[in-house]
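Fold and geometry: a report
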Amino acid sequence: MRGEISARLVPLERALTLAEPEGYVRIFVDEGPTMAALLQVAAKRRTTPEYARQLLAAFGKPENRKPVTQPLAEPLSERELDVLRLLGTELDGPDIARQLVVSLSTLRTHTRNIYSKLGVNNRRAAVRRAEELLQK
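Description of the structure in this document.

How each quantity is defined
Residues numbered from 1 in each chain as written. Predicted model: local features only at pLDDT ≥ 70, side-chain atom pairs only at ≥ 80, totals over all residues. Heavy atoms only, no water. Axes fitted to C-alpha atoms, helices over the stretch in contact; angles between N-to-C directions. Helix = DSSP H or I, 4+ residues; strand = E, 2+ residues; numbered from the N terminus. Parallel < 35°, antiparallel > 145°, perpendicular 65-115°, else oblique. Left-handed = near helix turned anticlockwise from the far one by under 90°. Contact = heavy atoms within 4.5 Å. Nonpolar A, V, L, I, M, F, W, Y, C, P; charged D, E, K, R; others polar. Core = buried A, V, L, I, M, F, W, Y, C linked by side-chain atoms within 4.5 Å. Buried < 20%, exposed > 50% of the residue type's maximum accessible area, 1.4 Å probe, protein only. Phe/Tyr/Trp six-rings, centres within 6.5 Å; stacked < 30°, edge-to-face > 60°. Salt bridge = Lys/Arg side-chain N within 4 Å of Asp/Glu carboxyl O.

Observations concerning the packing of helix H5 (residues 78-87) against helix H8 (residues 123-135)
The contact between H5 and H8 brings their axes to 9 Å, and the two run at 110°. Of the possible angle classes, the one that applies to H5 and H8 is roughly perpendicular. Two packed elements cross with a definite hand, and for H5 against H8 that hand is left-handed. The segment H5 lies against H8, with Leu84, Leu86 and Leu87 engaging Arg123, Ala126, Val127 and Ala130. Class assignment for the residues of the contact of H5 with H8 results in six nonpolar, no polar and one charged.

With respect to the nonpolar core
Grouped together as the largest cluster of nonpolar side chains are 17 residues, with contacts concentrated most on Leu84, Leu87, Ile114 and Ala126. If you list the elements that add at least two residues to this core, you get H5, helix H6 (93-100), helix H7 (104-118) and H8. Those residues in contact with Ile114 that sit more than four places away from it in its chain are Leu76, Glu80, Val83, Leu84, Leu87 and Ala126. Judged by nonpolar contacts, the second largest core, of 16 residues, contains Leu9, Leu12, Leu16 and Phe28.

Some points on the packing of aromatic side chains
Evaluated as defined, the whole model comprises one aromatic pair. Judged by centre distance (6.2 Å) and plane angle (85°), the rings of Phe28 and Tyr51 are edge-to-face. Of this pair, Phe28 sits in helix H2 (residues 26-29) while Tyr51 sits in helix H4 (residues 49-59), and the two are 23 residues apart along the sequence. Looking at Phe28, the relative accessible area reads 5%, which means it is buried.

A look at unusual backbone geometry
Across residues other than glycine, the phi torsion is negative in most instances, and most of the peptide bonds are trans. Positive phi outside glycine occurs at Val101, with the angle close to 60°. Its place among the elements puts Val101 in the loop between H6 and H7. Residue Val101 is classed as exposed on the basis of its relative accessible area of 73%.

Let's talk about the pattern of salt bridges
Inspection of every chain in the model, using the stated rule, returns nine salt bridges. With a shortest N-O distance of 3.6 Å, Lys117 and Glu74 are connected by a salt bridge. One end of the pair, Lys117, is in helix H7; the other, Glu74, is in the loop between H4 and H5, and 43 residues separate them in sequence. Overall, Lys117 belongs to the buried group, its relative accessible area being 18%. Taking the shortest distance from any N to any O, the salt bridge between Lys117 and Glu80 comes out at 2.7 Å. A residue pair is termed long-range when its members are at least 10 positions apart, and Lys117 in helix H7 and Glu80 in helix H5 qualify at 37 residues. When salt bridges that share partners are traced, they join Glu74, Glu80 and Lys117 into one network.

Written as structure tokens, this is what we have:
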């Protein structure tokens, strides 16, 4: 982040502008201490200052800003793990369903369960969260 703050603020400013009307918080907070530091700079530069302050408040006190490293409350089933592995590929939904020999509806159910268990809301975030959990 050192020396690249201005370069990193451009996409952050765009993200803040798009996220503010929807009130997104978790998408920023989940990124951890680095995001908190960038939000502090953005707030000082008057980039959506109220929203940036709201997001910073969601991080809590600086000494409490540690990445969340809690295991899953409910583990993924073997089939959900199969789906998750394929979510990390370039295959689209129908191709994954064909590969697993399940209906598209069944695939969507598995995917929804994976998202819920991992606390994410999209494919890329699910794969990233799973990788984070594997590293621990």
